[in-house]
Amino acid sequence: MIKRFVERVQTLFTRGLKQPRLRKEPKRFGAKEHQINRELVARSALKVCETLQKAGFRAYLVGGAVRDLLVGIVPKDFDVATDATPEQVKSHFRRAIIIGRRFRLVHVMFGSETIEVSTFRALENPARQTDAHGRVLADNVFGEQYEDAARRDFTINALYYDPTSETVLDYHDGVRDVRRKRLRVIGVPEARYREDPVRMLRAVRFAAKLGFEIDPATREPIKALADLIENVPAARLFEEMLKLLTSGHSVACITRLRVEGLHHGLLPLLDVILEQPAGERFVMLALSRTDERVRAGKHIAPGFLFATLLWHEVLKRWNERSAAGQHRIPGLDAAIDDVLEAQTEKLAIQRRYTSDMREIWMLQPRFERRSGRAPLKLLEHLRLRAGYDFLLLRCAAEEAPAELGDWWTRFLHADEATREELMKTAHAPSAGGPRRRRRRGRGGNERRAEDGEVRGADS
């Protein structure tokens, strides 16, 4: 009863706010005005538009792809908007599936490439389902193109490009905002953020990526509504965070998140890290190197990235368990369990990534063992390269001895004879993780115990 009352009050509040100005006829920009290079459009996206248009439907590139084309950036993804229903779209392509419950979409597949096709959505829907905070849960009523434009989040994302006529359709002065480098929400910011709190994160990401300024009216409600992020499903939040962190501008994004007060509760364990000088230095170094790789067109491993973000919390809990007398390797394993359990309550990091993260973390104490046959055995590990890169990152942040990273660099690139010599002359420095105090024993019991711990890490 109370829940229904709250939902009703929220619905009335949202409807009472000033609605977006509806321009039923768009401004049109020809090729000479917008200067989009049609050669930058993926052939698969052109194929989708051409196929639907030949079938008698309207079809346009929409959203971020058009925005990026206007500023001269090669889009990573292409979305298409059309007046065809999902079933009609699906019927015209051999490899196409309808997905989604909140919004029904069609994924049209060309090899490894996927084009997402959406149907124009209606602006007014009395049956629209929302939660107690105003977040839209389900809304699949189709409408006109001008309504679809008003439903989009920012003016720069409400642009439609017809690759056949090379015309840009603009309902909300998005072209003007692109030229002025201004990020402006469509409609009343508070109402739009309540509909979808992720829009606040997107505002930060777009501003950082494009170097745009957030319009004052768009920015003003963000701090007051930051807690709404807590209502976003964990899987969707993970997807948005992954986009933010792999945008090539993650340092700028994290900085903006902190300025806007959005970082708290987003990566719960990152809150503490960013307030610790050593943790912040490590994280920012990791993110800056990630940005460099993205800009150079190199592959980014999400598992490695999240391993860097959460490492200092693992290290903290590992130290606590070591101080309580727990052995090093079991203590590290338990610390990892603690961190992943706490983190996945809010951010649904996929299992394939958490598996990579665990292996990278568990490799760190093994790099300290450079005598005997341990280094040669480590060469067989599937995550050796990722673990080694992680070690070098720790060395660069002055968290692990530089000598340890240098030794492994020489070892990995050496021939067999040189490796044997390196192992003979190696010693084991402290690498920044907790170490169990060695106790005197008889008959090498201590050494066997240490070896048993390391074997436990292999299993």
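The rules behind each value
Residues numbered from 1 in each chain as written. Predicted model: local features only at pLDDT ≥ 70, side-chain atom pairs only at ≥ 80, totals over all residues. Heavy atoms only, no water. Helix = DSSP H or I, 4+ residues; strand = E, 2+ residues; numbered from the N terminus. Buried < 20%, exposed > 50% of the residue type's maximum accessible area, 1.4 Å probe, protein only. Areas by Shrake-Rupley, 256 points an atom, 1.4 Å probe, with all protein chains shown as cover. Phe/Tyr/Trp six-rings, centres within 6.5 Å; stacked < 30°, edge-to-face > 60°. Contact = heavy atoms within 4.5 Å. Expected span 1.5 Å × (residues − 1). pLDDT = per-residue confidence, 0-100. Core = buried A, V, L, I, M, F, W, Y, C linked by side-chain atoms within 4.5 Å. Pairing = 2+ DSSP bridges. Axes fitted to C-alpha atoms, helices over the stretch in contact; angles between N-to-C directions. Salt bridge = Lys/Arg side-chain N within 4 Å of Asp/Glu carboxyl O.

A. View of the overall build of the protein. Scanning the protein from terminus to terminus reveals 23 helices and twelve strands. Looking at the protein residue by residue over its 459 residues, the buried ones come to 50%. As displayed, the protein offers around 22500 Å² of accessible surface, 49% of which is attributable to carbon and sulfur atoms.

B. Examining the packing of aromatic side chains more closely. A complete count under the given rule lists 13 aromatic pairs for this structure. Considering the side-chain rings of Phe 154 and Phe 206, the 6.0 Å spacing of their centres and the 90° angle between planes classify their relative orientation as edge-to-face. Here Phe 154, found in the loop between helix H6 (145-151) and strand S9 (159-162), pairs with Phe 206, found in helix H9 (residues 198-210); they are 52 residues apart in sequence, far enough to count as distant. A single burial state applies to Phe 154 and to Phe 206, both of which are buried. Centroid distance Trp 407 to Phe 411: 5.0 Å. Interplanar angle 10°. Geometry classified as stacked. A residue pair is termed a helical-turn pair when its members lie 3 or 4 positions apart in one helix, as Trp 407 and Phe 411 do in helix H21 (residues 402-412) at four residues. As far as burial versus exposure is concerned, Trp 407 and Phe 411 are alike and both buried.

C. Local environment of the environment of Ala 286. By the secondary structure assignment, Ala 286 is in helix H15 (residues 277-295). The spacing of Ala 286 and Phe 304 is 18 residues in sequence and 9.6 Å in space, taken between C-alpha atoms. With residues near it in sequence (within four places) discarded, Ala 286 still touches Thr 308 and Leu 393.

D. How the structure looks around helix H3 (residues 43-54). Taking 1.5 Å of rise per residue, the twelve residues of H3 would be expected to cover 16 Å, and the 16 Å separating its terminal C-alpha atoms lies within 8% of that figure. Taken together, the buried positions of H3 are occupied by Ser 44, Ala 45, Leu 46, Val 48, Cys 49, Thr 51 and Leu 52. Contacts from the buried residues of H3 go to strand S2 (59-62), strand S3 (79-82), helix H5 (86-91), strand S5 (105-110) and strand S6 (113-119).

E. Structural context of the confidence of the model for the protein. Here the protein shows a mean pLDDT of 84. Residues at 70 or above account for 81%. When the criterion is pLDDT under 50, residues 1-18 qualifies, and its contacts beyond four places in sequence or with other chains add up to 18 contacts. Note on residues 437-459: pLDDT under 50 across the span, and 19 contacts to partners over four residues away in sequence or across chains.

F. Inspection of the nonpolar core at higher detail. The biggest cluster of nonpolar side chains holds 52 residues, and the ones touching the most others in it are Leu 245, Leu 262, Phe 306 and Trp 361. Per element, the largest residue contribution to this core is nine residues, and it comes from helix H16 (residues 302-323). With residues up to four places along the chain from it excluded, the contact list for Leu 262 reads Met 200, Leu 201, Val 204, Ile 222, Ala 226, Ile 229 and Leu 257. Membership of the second largest hydrophobic core comes to 41 residues, among which are Ile 36, Val 41, Cys 49 and Phe 212.

G. How the structure looks around the pairing of S6. For S3 and S6, the ladder comprises four bridges, and the chain directions are parallel. Bridging across to S6, Asp 79 finds its partner in Glu 116. Strand direction decides the pairing type here: S5 and S6, joined by five bridges, are antiparallel. Bridge pairing in S6 places Phe 110 opposite Glu 113.

H. Inspection of the sheet that holds strand S4 (residues 96-99) at higher detail. The mixed open sheet is built from eight strands, whose spatial order is S1-S10-S9-S2-S3-S6-S5-S4. Both outer strands of the open sheet, strand S1 (27-29) and S4, are each paired with one neighbouring strand and no more. Taken pair by pair, the neighbouring strands of this sheet meet at an average axis angle of 30°, ignoring direction.

I. Local environment of the pairing of S2. Alternating positions in S2 separate into two faces, Ala 59 and Leu 61 on one and Tyr 60 and Val 62 on the other, with burial throughout. For S2 and S3, the ladder comprises four bridges, and the chain directions are antiparallel. Counted as the bridge partner of Tyr 60 is Ala 81 from S3. For S2 and S9, the ladder comprises two bridges, and the chain directions are antiparallel. Across the sheet, residue Leu 61 finds its bridge partner in S9, namely Tyr 161.

J. Molecular detail of the pattern of salt bridges. Per the counting criterion, the structure on display carries 31 salt bridges. Among the ionic pairs, Asp 68 bridges to Arg 67, the shortest N-O distance being 3.1 Å. We note a salt bridge from Arg 358 to Asp 337, for which the minimum N-O separation is 2.5 Å. Within this pair, whereas Arg 358 is found in helix H18 (residues 351-363), its partner Asp 337 is found in helix H17 (residues 328-344), the two being separated by 21 residues in sequence. The exposure class of Arg 358 is partly exposed, given its relative accessible area of 24%. Bridged by salt links that share partners, the residues Arg 23, Lys 27, Asp 173 and Arg 176 form one connected network.

K. Quick peek at unusual backbone geometry. Unlike most non-glycine residues, Gln 35 shows phi in positive territory, near 60°. The topology assignment puts Gln 35 in the loop between helix H2 (31-34) and H3. A positive phi angle, close to 55°, is found at Glu 166, a residue other than glycine. Tracing the backbone shows Glu 166 in the loop between S9 and strand S10 (167-170). The exposure class of Glu 166 is partly exposed, given its relative accessible area of 28%.

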